[in-house]
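# Examining the three-dimensional arrangement
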Amino acid sequence: MKRVLNFYPGPSALPIEVLEEAKEELLDWNNTGMSITEISHRSKEYEQIHNETQELFKELFFIPDNYKVLLLQGGASLQFAMVPLNLIHEGETASYVITGRFAKNAFKSAEKIASVYTGASTEEDGTFYRIPSKNEIKIEKHSAYCHITSNNTIYGTQWKEFPSFEGIPLVVDMSSDIFSRKIDFTPIGLIYAGAQKNLGPAGLTLIIIRNDLIERSKDDLPDILSYKTHASKNSLFNTPPCFAIYIMNKVLKWAKRKGGLDFIEKQNNEKAKLVYGMIDSYPEFFITKVEKKSRSNMNVVFRLPSEDLEKKMLEEAQKEGIIGLKGHRSVGGIRISMYNANGIKEIKTLINFLNYFYRKNA
Ligand code: PMP
C-alpha cells in the first residue's frame, strides 16, 4: 500500500492514526459485534459517542457555555438557506460581506428568502484578492446578522480578525478553517462549517449557535429546517451522520493528544510561513495577486508563468505521489490546501518538490 501526499481542498486528508483506528474497529466497534455504521442511532453506545463528540469539540475549540453545538447534514450549502430562514424575521434584513464564491452563494440563497444587503464586496474583475477592512463594511439598520466567510477556499484569503458590530451578531461560514486556530467568540452569533476539511468526512455539518439565537429562531418552519428542533432534540431529531461523527470524534482525540488547538494553530502558522516563504522567494515564477495581509493559512493560491507549466507541475507532482494541487476551475493555476492533517513534514516534502520544479523550469 502506498499512501499519497494529499492536498485536496475538501474532502481532504485525515490523520493516518484516525484511519488506522477506524479500520481496526470496522467489524467490531466497542465490543458491539458490529461497526458504527450498523448500529442504531438510538442505542446507548451511539448516544455516548454523539454526546462525547459535542463535548470534546466544545472543550477543544473553547466554545463558551452559552452556545450549543449541532451536528447536522446538508453541508454548508444548506446553511446558506437555514440561516436566513431561521434568523430573519418580518421587517428585518441581513448584511452580507462578499469575499468569494461561497459568500456569493450564501447571499444568493438568502436573497430568495428575505431582502438582504451587500455590506461590502471585494470582487475585482470577476475575482477576489482580499478581505475588506472593517470601515469598508456598511451594516443596514434592522440587520438580524452580518454574514462573513472566514476563509475563502477558492481565492486563498482569510479574515485574520473577525469584525464586530454593536448589537448585531456575526454569522460565520468557517467551512474551510474551522478548528484551525483560536477565535474570539465575542461577536459570534452562529458559526457553520462542513466537517470535510479539518474535522472529518463529508456529510456532517457543524453549527455553533448562541442560545439567544436559538430562542429567536422562527417558529413557523418545517421541523427539519429549524434550529429550535435540532437543538431541543440534541441533533437526534432524525438519523445523524453517525459514521462522520465517529470519525470526527477520533480527529478531535488525535488533536488533543497532539496538544489541542494551541498545537494546531502553531503548526498552521509554521506551515503557512514555509509555503509563503517559498513562493515569495521566486515571485516571477510563483505568481499571486492575493493581498499579503489577507493571505489564507489554509489555501495557498498561485499561477505559474504559463498554463503549460501548470499542467506539467500537476503531472510531475502526481508522479511523485503528490495530489490535489489543481486550482479551482474558476481561477485555474495551483492551490495548496493544507488543512490540519498535513503536518510540517508533509509541507516540507511539498516544498522540496516546488523547489525542484522551479530549478528545472524557471
Ligand atoms: N463555504 C466554503 C467556504 C466552502 O469552502 C465550501 C465548500 N468547499 C462551501 C461553503 C460549500 O460546502 P458544502 O459542499 O459542504 O455545501
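Each remark here, short or long, concerns the structure printed above.
Residues numbered from 1 in each chain as written. Predicted model: local features only at pLDDT ≥ 70, side-chain atom pairs only at ≥ 80, totals over all residues. Heavy atoms only, no water.

## Quick word on the packing of helix 3 (residues 75-87) against helix 4 (residues 101-111)
Relative orientation of the contacting elements helix 3 and helix 4 amounts to 45 degrees, with a least axis distance of 8 Å. In terms of their interaxial angle, helix 3 and helix 4 are classed as oblique. For helix 3 against helix 4, the interelement crossing comes out right-handed. Two secondary-structure elements touch here, helix 3 through F80, A81 and P84 and helix 4 through F102, N105, A106, S109 and A110. Per-class residue counts for the contact of helix 3 with helix 4 are six nonpolar, two polar and no charged. (Axes fitted to C-alpha atoms, helices over the stretch in contact; angles between N-to-C directions. Helix = DSSP H or I, 4+ residues; strand = E, 2+ residues; numbered from the N terminus. Parallel < 35°, antiparallel > 145°, perpendicular 65-115°, else oblique. Left-handed = near helix turned anticlockwise from the far one by under 90°. Contact = heavy atoms within 4.5 Å. Nonpolar A, V, L, I, M, F, W, Y, C, P; charged D, E, K, R; others polar.)

## Description of unusual backbone geometry
With omega at -5 degrees, the peptide bond leading from G10 into P11 counts as cis. Phi at N234 takes a positive value of approximately 55 degrees, unusual for a residue other than glycine. By secondary structure assignment, the location of N234 is in the loop between helix 6 (227-232) and helix 7 (242-258). Located in the positive-phi region is S235, a residue other than glycine, with phi close to 55 degrees. Looking at the element boundaries, S235 is found in the loop between helix 6 and helix 7.

## A word on the site of the ligand
Around the ligand sit 13 residues, and of these S77, T153, D173, Q196 and K197 come closest. Within the contact set of the ligand, an oxygen atom lies 3.0 Å away from a side-chain nitrogen or oxygen of Q196. Here a nitrogen atom of the ligand and a side-chain polar atom of K197 are 2.9 Å apart. With four residues, helix 3 is the single largest residue contributor to the shell around the ligand. The residue makeup of the shell around the ligand, split by class, is three nonpolar, eight polar and two charged. (Near = heavy atom within 4 Å. Polar contact = N/O pair within 3.5 Å; in protein donor to acceptor, adjacent residues only side chain to side chain.)

## A short note on the sheet that holds strand 7 (residues 143-149)
As summarised here, the arrangement of the seven strands in space is 2-12-11-10-7-3-4, forming an open sheet in which the pairing is mixed. Looking along the sheet, the strands with just one partner apiece sit at the ends: strand 2 (67-72) and strand 4 (117-121). Mean inter-strand twist for the sheet, computed between neighbouring axes without regard to direction, equals 20 degrees. Pairing between strand 7 and strand 10 (residues 170-173): four bridges, direction parallel. By the bridge assignment, C146 is partnered in strand 10 with L170. Of the strands in this sheet, strand 3 (93-98), strand 4, strand 7, strand 10 and strand 11 (188-194) are in contact with helix 4, which crosses strand 3 at around 160 degrees. (Pairing = 2+ DSSP bridges.)

## Overview of helix 8 (residues 260-281)
With 22 residues, helix 8 ought to run about 32 Å at 1.5 Å a step, and its terminal C-alpha atoms sit 32 Å apart, in line with that. Within the sequence span of helix 8, burial applies to G260, L261, I264, Q267, N268, K271, A272, V275, Y276, M278 and I279. Here the buried residues of helix 8 occupy an arc of 155 degrees about the axis, which is enough to place them on one side. In this structure, helix 8 carries K266 and K273 as exposed residues pointing more than 90 degrees from its buried face. Contacts from the buried residues of helix 8 go to helix 2 (44-60), helix 7, strand 13 (299-302), strand 15 (334-337) and helix 10 (344-361). (Expected span 1.5 Å × (residues − 1). Buried < 20%, exposed > 50% of the residue type's maximum accessible area, 1.4 Å probe, protein only. Arc of directions from axis to C-beta.)

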